[in-house]
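# Per-entry structural report
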Amino acid sequence: MKNTAFSRMLLKWHKEKNQRQMPWKGETDPYKVWLSEIILQQTRVQQGTAYYKSFIKTFPTIFDLAKAKDEKVYKLWEGLGYYSRCKNMLVTARFLAFEKNGNFPEHYEGLLKLKGIGPYTAAAIASFCFGLPKPVIDGNVYRVLARIFKIKLSPDSAEGKKYFTTLATDLIDKKDPGAYNQAIMDFGATVCKPALPLCGNCILQKNCGAFLENKVMAYPVKLKKMIKRERWFTYFVFHNNAKIFIQKRTAKDIWENLFEFYLIENKKPEKWTARKVQKFLVEKLNIQDAAEIVIHKPAKQILTHQLIHAVFIEIELAHTVHFHSQNEGKWISRKQLAQTSFPVIIRDHLENSIMLS
């Protein structure tokens, strides 16, 4: 299939049949396009839409976002995961607002230099906002190209990424790259779907190599799944006079800059009993006044490359304890808990905690 024919048919479908609706669709404001792309990284459109609307409402311009306090932004981001995105977003917002008068670079290479912006986001801003012929390549695009052109390389491999990028660059419509990029992404999301693709209604059916060989579900080629790293956390939720101890995660690790309870990371699952908890408190933390101990059932949170197992142990203390070794630790009220940013697994615990109800 010739490249020009592929692009022409895709744009025709986009103009006549594409009914996919998203609040940022057709947007040419670099701030809004950038914001939507950062939110949608590793996030489904359905979930990301609500966050996008909240961010636009709370921070209508890049200046509003740049001037906001970190905690307010992280709180609004809560639940999206991949908090390094939020951290990088703030760095870029403040750089552009305070150093560039709110203006985004109008060329691809300049966009790539901004914190948290990679080839995908740079191409989106470049094509949608500045009309540059840079292909946006996501999972939907990989799938469409792999099936149509019977590409036997995996998009997860270095060789595959290079091949797909070269092909996508050749295919993009130079006159209207923004419309083309939107068309191929939407086509992959609504027609050439990962499961149950609508091949019977596909305008590219006669030109689809995978369909003609009856091997649609064999594309794109996948590499072996990465084994997730398992981690075991024990959270000690210390209470005293209606206050709770929390600390900030400052290491270069998951959930950086979010808050959590006093944490012990174990190398394997730990079977806690009240007696074992009391012994740990006395020997490791010199705490001898635990008036009440509640050990909750294990919980877990699945991340892209990690599986987190957590046990929450709530402990009522007779006195306030100062944990000198803990990062940015502090005692806060129950009211302040609702205003603090936590990982999803901790937020879920707070909603079900007996001692906090």
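First things first, this report covers the structure right here in the doc. (Residues numbered from 1 in each chain as written. Predicted model: local features only at pLDDT ≥ 70, side-chain atom pairs only at ≥ 80, totals over all residues. Heavy atoms only, no water.)

### Some remarks on helix α3 (residues 45-58)
- Here α3 spans 20 Å end to end across 14 residues, near enough to the 20 Å set by a 1.5 Å rise per residue.
- On its buried face, α3 is in contact with α2 (30-40), α5 (70-77) and α6 (83-99). (Helix = DSSP H or I, 4+ residues; strand = E, 2+ residues; numbered from the N terminus. Expected span 1.5 Å × (residues − 1). Contact = heavy atoms within 4.5 Å.)

### Examining the packing of aromatic side chains
- In this structure the tally under the stated criterion is 21 aromatic pairs.
- Taken together, a centroid distance of 6.0 Å and an interplanar angle of 85° make the contact between Phe 233 and Tyr 235 edge-to-face.
- Overall, Phe 233 belongs to the buried group, its relative accessible area being 2%.
- Between Phe 236 and Phe 280, the aromatic rings sit 5.0 Å apart at their centres with planes inclined by 0°, giving stacked as the arrangement. In this pair, Phe 236 sits in strand β1 (residues 229-240) while Phe 280 sits in helix α13 (residues 274-285), placing the two residues 44 residues apart along the sequence.
- Exposure remark for Phe 236: the relative accessible area of 0% places this residue in the buried category.
- The rings of Phe 233, Tyr 235, Trp 255, Phe 261, Phe 312 and Phe 342 are connected pair by pair, giving a single aromatic cluster.
- Stacked on the ring of Tyr 108, the Lys or Arg Lys 134 has its end atom at 4.5 Å from the ring centre.
- If you follow Lys 276 out to its NZ or CZ, it ends over the ring of Trp 272, 5.8 Å from the centre. (Phe/Tyr/Trp six-rings, centres within 6.5 Å; stacked < 30°, edge-to-face > 60°. Buried < 20%, exposed > 50% of the residue type's maximum accessible area, 1.4 Å probe, protein only. Lys NZ or Arg CZ within 6 Å of the ring centre and 35° of its normal.)

### Let's talk about the packing of helix α9 (residues 139-148) against helix α11 (residues 177-190)
- Where α9 meets α11, the closest approach of the two axes is 8 Å, and the angle between their N-to-C directions is 80°. Considering their axes alone, α9 and α11 lie roughly perpendicular with respect to each other. Contact with α9, carried on its side by Asn 140, Val 141, Arg 143, Val 144 and Leu 145, involves Ile 184, Met 185, Phe 187, Gly 188 and Ala 189 of α11 and no other residues of that element.
- Across the contact of α9 with α11, the residue classes tally to 7 nonpolar, 2 polar and 1 charged. (Axes fitted to C-alpha atoms, helices over the stretch in contact; angles between N-to-C directions. Parallel < 35°, antiparallel > 145°, perpendicular 65-115°, else oblique. Nonpolar A, V, L, I, M, F, W, Y, C, P; charged D, E, K, R; others polar.)

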